[in-house]
Structure formats: structure tokens, C-alpha cells
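Geometric and topological summary
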Amino acid sequence: MRAKFYLVGAGPGDPELLTLKAHRLLQQADVIIYDRLVSEEILALANPFAQIIYAGKSKGEQDQVQGEIYDLFLRLSGQARVVVRLKSGDPTVFGRSGEELTFLLEHGLEAEIVPGVSSALAAPALAGIPLTLRNVARSFAVLAGHSESVATANWTAYKDVDTLVVLMGIENRANIARCLIDAGRSPMQPAAFIERASTAEERIVVSTLFDIANGGVEVESPAVFIIGEVVRFRACAAEMRAAESIAC
């Protein structure tokens, strides 16, 4: 018996945003290897007889844990039938799915990526912030916000991208804001943080690059960091809804 491995996106957290294919595979899996941000509600949908293994990574131990995951893949290859490698959001967006897929294929193991709803798209949408908007934003980019990426990024390249979405950037938010201002973005450009998007603990904080750069914004991880004029649409939409309510 040789296992088939599925690199599955679990979406942003709400189980109703899980894809049908991901839900089916969770129920069929013999083994589920899940990351730190996968919600308990998603795991509750799994096959009750499946072996469920935590493989979350904390700061500073990413490479060590990734090596342990590869060892686990090899051990499971002859012991299980369906192995689900469950990642929050979409596995191809800063999820190391490319590396894991390459490892599996190089070792002659059958593997498949199952896309998920990325928090980079879901969080702003659920907060009422469109990433693109006619006459306001025609482009967007998704950035990694951890220390290594911040230190090596060409921030000038992002100066004229209408909307920026930063993942894993809460710890470095002030530095990111300063880099963007230095690159030419307006200090008064609006920005938003969506904490724990799609869950009951969701919280939205709206500010400006200036205030963020000066350490004036308190926010907790995990959160998605959004920068651009589209952030103003959230307030406009709320005002329109309030006006409609009064008119009724």
C-alpha cells in the first residue's frame, strides 16, 4: 500500500468556507497533518478514526519542523492510504506547498494540491474591503511580512500597486509601514488589520500608514494587513447602509 498525499487548503477558519473537495478528503483521510492556524471547527469535520498530527511552526523552528514533516511523509507512505496535509488558507500562498510537493514527487510518492480560500482574499472581502474597485484600484499584490522578507524586499516596486495585502506581517507592521512611506506611498494612506478573519473572534482595526509606522496601532496575530484607498470603501459602505436603514 502506497499513500496518496493531498496538500489541502483549509480556508481562513470558517468551516463553511471549506471547499467540498477538502471536506470530502478530511472525511476519507487516514492521517491528517495540520498547521498552527487550522481551526478546531475544521478539524471537527475529520474522519473520527483518522490519526491527527499537529505540525505547527513557531518562530525560529521552521526549518527543523519542516524536516520532521518530510520524515513523517516517508514513514506514512507505506502505512496509510490517504494523507491530508492541511494548511490554513490556500496551500500555495506562503504555505510551502511547492517545496512539499517537490519532496513528495522526488521520492516517487503520489501527491495533489487542493486549493483553498486564501485569507489574503477572504479577510478583506469579509471586512467589506474590495481589493480592486472601479476608478480606485486596478491592481493588488500579496506580500510576506516576516523579517527576512521585509529586509530583502524591493519596496519601490510596491509604490504604485493600488492595494497591498501583507500576510505574517503583524510583528513587523511598523517597519513595513515605514518602508512603504520611504518608498513613496502617502503617510495618510488608509490601512486595515483584520484579526482572526471569518471567526467569532474577528476584529477590524482601521488606521493610516503614518500611525502604524509610529507604533500607534495595537493589533494581535494572526491578522491580515491591508493597505490602499480601497480601505475607505468600508466606511463608505457602512454609511450607505446606515442611510438606507434610516430611509426605511
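Look up a bit, the structure's there.
Thoughts on the packing of aromatic side chains
- Counted under the stated rule, the structure contains 7 aromatic pairs.
- Taken together, a centroid distance of 5.3 Å and an interplanar angle of 65° make the contact between Phe 5 and Phe 73 edge-to-face. Pair noted here: Phe 5 is in strand 1 (residues 4-9) and Phe 73 is in helix 3 (residues 62-76), with a separation of 68 residues, a long-range link. Phe 73 shares its class with Phe 5; the two are buried.
- On the numbers, 6.4 Å between centres and 45° between planes, the contact of Phe 73 with Phe 103 is tilted.

So, the sheet that holds strand 6 (residues 140-144)
- In spatial order, the strands read 6-7-10-8-9; together these 5 strands make up an open sheet with mixed pairing. The outermost strands of the open sheet, each flanked by one partner alone, are strand 6 and strand 9 (203-208). The sheet shows a mean angle of 20° between the axes of neighbouring strands, direction not considered.
- Summarising the sheet, strand 8 (residues 190-195) and strand 9 pair through 6 bridges and their orientation is antiparallel. For Glu 195, the partnering residue across the bridge sits in strand 9 and is Arg 203.
- With respect to the sheet, helix 7 (residues 173-183) is in contact with strand 7 (163-167), strand 8 and strand 10 (223-227), its orientation differing from that of strand 10 by roughly 15°.

Quick word on the nonpolar core
- Ranked by internal contacts, the top residues of the largest apolar core, which has 24 residues, are Trp 155, Phe 193, Phe 225 and Ile 227.
- Put simply, the parts of the chain that give this core at least two residues each are strand 6, strand 7, helix 7, strand 8, helix 8 (209-213) and strand 10.
- If one sorts the elements of this core by residue count, helix 7 sits on top with 5 residues.

Observations regarding unusual backbone geometry
- A cis amide bond links Ser 221 with the next residue in sequence, Pro 222, at an omega value of 0°.
- Locating Pro 222 in the fold gives a position in the loop between helix 8 and strand 10.
- The backbone phi angle of Ser 198 is positive, close to 75°, even though this residue is not glycine.
- You can see Ser 198 is positioned in the loop between strand 8 and strand 9.
- Exposure remark for Ser 198: the relative accessible area of 16% places this residue in the buried category.

Quick look at a nonpolar patch on the surface
- There is a patch of nonpolar side chains on the surface, built from Phe 94, Leu 121, Phe 140, Val 142 and Met 168 and spanning about 430 Å² of accessible area.
- Note that Phe 140 resides in strand 6.
- The class of Phe 140 is partly exposed, set by a relative accessible area of 39%.

Considering the sheet that holds strand 4 (residues 82-87)
- In space, the 5 strands of this open sheet follow the order 3-2-4-1-5, with parallel pairing throughout. A single partner strand is all that each edge strand has here, and the edge strands are strand 3 (51-54) and strand 5 (110-114). Within the sheet, the average angular offset between the axes of one strand and its neighbour, ignoring direction, is 20°.
- Pairing of strand 2 (residues 31-34) with strand 4, which is carried by 4 bridges, proceeds in the parallel orientation.

Looking at the layout of surface pockets
- Space inside the largest pocket adds up to approximately 1,700 Å³.
- As for the largest pocket, its lining consists of 48 residues, of which Arg 36, Leu 37, Ser 88, Met 168 and Pro 222 are closest to the centre.

Quick word on helix 3
- Along its 15 residues, helix 3 runs 21 Å from first to last C-alpha, staying within 8% of the 21 Å computed at 1.5 Å per residue.
- Of the positions making up helix 3, those classed as buried are Val 65, Gln 66, Ile 69, Tyr 70, Leu 72, Phe 73 and Leu 76. In an axial view of helix 3, the angular spread of the buried residues amounts to 160°, which keeps them on one side of the axis. Exposed and oriented more than 90 degrees from the buried face of helix 3 are Asp 63, Gln 64 and Arg 75.
- Among the structural elements, strand 1, strand 2, strand 3, strand 4 and helix 4 (97-106) are those in contact with the buried residues of helix 3.

Cut-offs and rules
Residues numbered from 1 in each chain as written. Predicted model: local features only at pLDDT ≥ 70, side-chain atom pairs only at ≥ 80, totals over all residues. Heavy atoms only, no water. Phe/Tyr/Trp six-rings, centres within 6.5 Å; stacked < 30°, edge-to-face > 60°. Helix = DSSP H or I, 4+ residues; strand = E, 2+ residues; numbered from the N terminus. Buried < 20%, exposed > 50% of the residue type's maximum accessible area, 1.4 Å probe, protein only. Pairing = 2+ DSSP bridges. Axes fitted to C-alpha atoms, helices over the stretch in contact; angles between N-to-C directions. Contact = heavy atoms within 4.5 Å. Core = buried A, V, L, I, M, F, W, Y, C linked by side-chain atoms within 4.5 Å. Patch = residues over 30% accessible without salt bridge, like charges linked within 9 Å, V, L, I, M, F, W, Y side chains within 5 Å. Areas by Shrake-Rupley, 256 points an atom, 1.4 Å probe, with all protein chains shown as cover. Salt bridge = Lys/Arg side-chain N within 4 Å of Asp/Glu carboxyl O. 1 Å grid on protein atoms, 1.4 Å probe; cavity = no way out; pocket = protein on both sides within 12 Å on 5 of 7 lines; lining within 4 Å. Points joined across faces, edges and corners; volume = space filled by probe spheres on them. Expected span 1.5 Å × (residues − 1). Arc of directions from axis to C-beta.

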